[in-house]
Amino acid sequence: MIIVLRREATDDDVKAVVERLKSIGCEAHVSVGQTRTVIGAIGDRELIQQLPWEAMSGVEKAVPVLKPFKFVSRDFQSEDTIIEVRGVPIGDPGLCVVIAGPCAVESRDQLFRTAEAVKKAGARVLRGDAFKPRTSPYAFQGLAEAGLQLLAEAREEFDLPFVAEVLDPRDVDLVASYADILRVGTRNMSNFTLLQEVGRQPKPVQLKRGFTATLEEWLNAAEYIFKEGNHQVIMVERGIRTFDTAARNTLDVTAVPLLKQMSHLPVIVDPSHSGGRRELVLPLARAGVAAGADGIMVDVHPTPDTALVDGAQALLPSEFTELVVQVKRVAEAVDRTV
Ligand code: PEP
Ligand code: MN
């Protein structure tokens, strides 16, 4: 059962609900969000349901939840969550947000050339990583704080908020002090310590789907973040591993409408990491938007053949400009603007 407090509920109201739960031998998980507090009641369902929660001071509603994830489910919140990032609403049913930039920040010149181009083409958010999860420990690992500084400069120069990956719980405060959105990557979707840590800081979090994760596992990972008090979670479908090895991954288009049914959180599609090849990015981006994604996130690089990471899937700025034109048409067909 989830007990949702009113916006104007006081600390004493929260305390009274927690005490009531304890008095019947149940546990209370209090999650303090930006706009309201919610309490997850864990224990004997029958016993909890019998009590008149809605009669208690400060309580708006008590919602029974049958799924293992509670706060992120549609049962808990029927309206879509819309996350404002420096004036850009992510999750707005009328809008499809385009996020673009290099996979990794490599240099000022590379980042600024890309940021200028994607801004001009219509991107609303910049991507670029300063910490890269690499399969080989000898591969380029990112510029760390120097990369975050360049991203912050690009944000000012081009008026673009940015998202950057955080790999390690020890770096959460550092990345959060620069980035507008933190990203937990596919390899870390089940790093529960990292999920808790990003749940305890105030910036929105993009949560990529683990490449072997079921939707239920993915939503449970989001629940970890939510439960710590951070209610601003953006789900990113980036392709999963299937029996087919023809492409880097298989974009699970079905996940988009399913997730929208199961959860109130925004869903973004990453066509670049899904296909892993330049020529697949445009069709997969169109498919994501047609399926109802709240946005797309695309790798762009001014010289993909010299890219230190993921060059094969990076679009040239001119290709990205064409992609935005085409995605706009698809968005219009499903009643959204870009
Ligand atoms: C990325 O977006 O650059 C990235 C590393 O993605 P993923 O975690 O999906 O592999
Ligand atoms: Mn990448």
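Structure shown above.
Residues numbered from 1 in each chain as written. Chains lettered and ligands numbered in written order. Predicted model: local features only at pLDDT ≥ 70, side-chain atom pairs only at ≥ 80, totals over all residues. Heavy atoms only, no water.

The environment of ligand 1 is formed by 13 residues, the closest being Arg127, Lys132, Thr186, Lys208 and Arg238. Within the side chain of Arg187, a nitrogen or oxygen atom sits 3.4 Å from an oxygen atom of ligand 1. A distance of 2.6 Å separates an oxygen atom of ligand 1 from a polar side-chain atom of Arg238. Look at ligand 1: alone it shows 300 Å² of surface, and the protein chains cover 98% of it. Taken together, the residues of the shell around ligand 1 sort by class into two nonpolar, three polar and eight charged. (Near = heavy atom within 4 Å. Polar contact = N/O pair within 3.5 Å; in protein donor to acceptor, adjacent residues only side chain to side chain. Areas by Shrake-Rupley, 256 points an atom, 1.4 Å probe, with all protein chains shown as cover. Nonpolar A, V, L, I, M, F, W, Y, C, P; charged D, E, K, R; others polar.)

Let's shift gears to the packing of helix α10 (residues 278-290) against helix α11 (residues 317-333). Remark: α10 packs on α11, axes separated minimally by 9 Å, with the N-to-C direction vectors making an angle of 25°. Comparing the axis directions of α10 and α11 gives the class roughly parallel. Along this stretch, α10 crosses α11, giving a crossing that reads as right-handed. Taken together, the residues of α11 that come into contact with α10 (itself represented by Arg278, Val281, Leu282, Ala285, Arg286, Val289 and Ala290) are Glu319, Leu323, Gln326, Val327, Val330 and Ala331. (Axes fitted to C-alpha atoms, helices over the stretch in contact; angles between N-to-C directions. Helix = DSSP H or I, 4+ residues; strand = E, 2+ residues; numbered from the N terminus. Parallel < 35°, antiparallel > 145°, perpendicular 65-115°, else oblique. Left-handed = near helix turned anticlockwise from the far one by under 90°. Contact = heavy atoms within 4.5 Å.)

A side chain of one charge can pair with a side chain of the opposite charge when the charged atoms of the two come close. Taken as a whole and assessed by the stated rule, the structure comprises 23 salt bridges. The closest approach of N and O atoms between Lys132 and Asp129, which form a salt bridge, is 2.7 Å. With respect to burial, Lys132 and Asp129 carry one shared label: buried. Between Arg155 and Glu156 there is a salt bridge whose closest N-O contact spans 3.6 Å. What makes Glu156 exposed here is its relative accessible area of 59%. Linked through salt bridges whose partners overlap, the residues forming this network are Arg127, Asp129, Lys132, Glu165, Arg183 and Asp299. (Salt bridge = Lys/Arg side-chain N within 4 Å of Asp/Glu carboxyl O. Buried < 20%, exposed > 50% of the residue type's maximum accessible area, 1.4 Å probe, protein only.)

The next point concerns the packing of helix α3 (residues 108-121) against helix α4 (residues 145-158). Packed helix pairs are specified by the crossing angle of their axes together with the interaxial distance, meaning the distance between the axes. Closest axis-to-axis distance for the α3/α4 pair is 10 Å, and the angle between their directions is 35°. Crossing handedness for the pair α3 and α4: right-handed. Contacts from Arg108, Leu111, Phe112, Ala115, Glu116 and Lys119 in α3 reach Leu150, Leu151, Glu153, Ala154, Glu157 and Phe158 in α4. The class makeup of the residues in the contact of α3 with α4 is seven nonpolar, no polar and five charged.

This next bit is on the pairing of strand β10 (residues 181-184). What you see with β10 is no split at all: Ile181 and Arg183 on one side and Leu182 and Val184 on the other are buried throughout. The pairing of strand β9 (residues 162-165) with β10 spans three bridges and is parallel. Across the sheet, the residue bridging to Val163 is Ile181, located in β10. The handedness of the β9 to β10 crossover, carried by helix α5 (residues 172-178), is right-handed. Where β10 meets strand β11 (residues 205-208), three bridges bridge the pair, whose relative direction is parallel. Across the sheet, the residue bridging to Arg183 is Gln206, located in β11. Handedness of the β10-helix α6 (residues 192-199)-β11 crossover: right-handed. (Pairing = 2+ DSSP bridges. Right-handed = clockwise from strand over helix to strand, strands pointing away.)

Time to look at the sheet that holds strand β3 (residues 37-42). With antiparallel pairing, four strands are arranged side by side in an open sheet as β2-β3-β1-β4. Looking at strand neighbours, the two that pair on one side only are β2 (27-32) and β4 (59-63), the edges of this open sheet. Geometrically, the sheet is characterised by an average inter-axis angle of 20° between neighbouring strands, direction not taken into account. Examined bridge by bridge, strand β1 (residues 2-5) and β3 share three bridges and lie antiparallel to one another. Across the sheet, residue Ile2 finds its bridge partner in β3, namely Gly40. Where helix α1 (residues 11-23) meets the sheet, its contacts fall on β1, β2, β3 and β4, and the angle it forms with β3 comes to roughly 5°.

As a general point, the strands of a sheet are linked pairwise by backbone hydrogen bonds and lie either parallel or antiparallel. Taken in spatial order, the eight strands line up as β7-β8-β9-β10-β11-β12-β13-β14 and close into a barrel, and their pairing is parallel. Strand-to-strand twist of the sheet, defined as the mean angle between neighbouring strand axes without regard to direction, takes the value 30°. Packing of α6 onto the sheet brings it into contact with β10 and β11, and relative to β10 it is tilted by some 170°.

A separate point is the nonpolar core. By size, the foremost hydrophobic cluster in this structure holds 77 residues, and its most contacted members are Leu207, Phe320 and Leu323. A per-element tally of this core places helix α7 (residues 215-227) first, with seven residues. With residues near it in sequence (within four places) discarded, Phe320 still touches Val98, Ala100, Val118, Ala121, Ala123, Val298, Val300 and Leu315. (Core = buried A, V, L, I, M, F, W, Y, C linked by side-chain atoms within 4.5 Å.)

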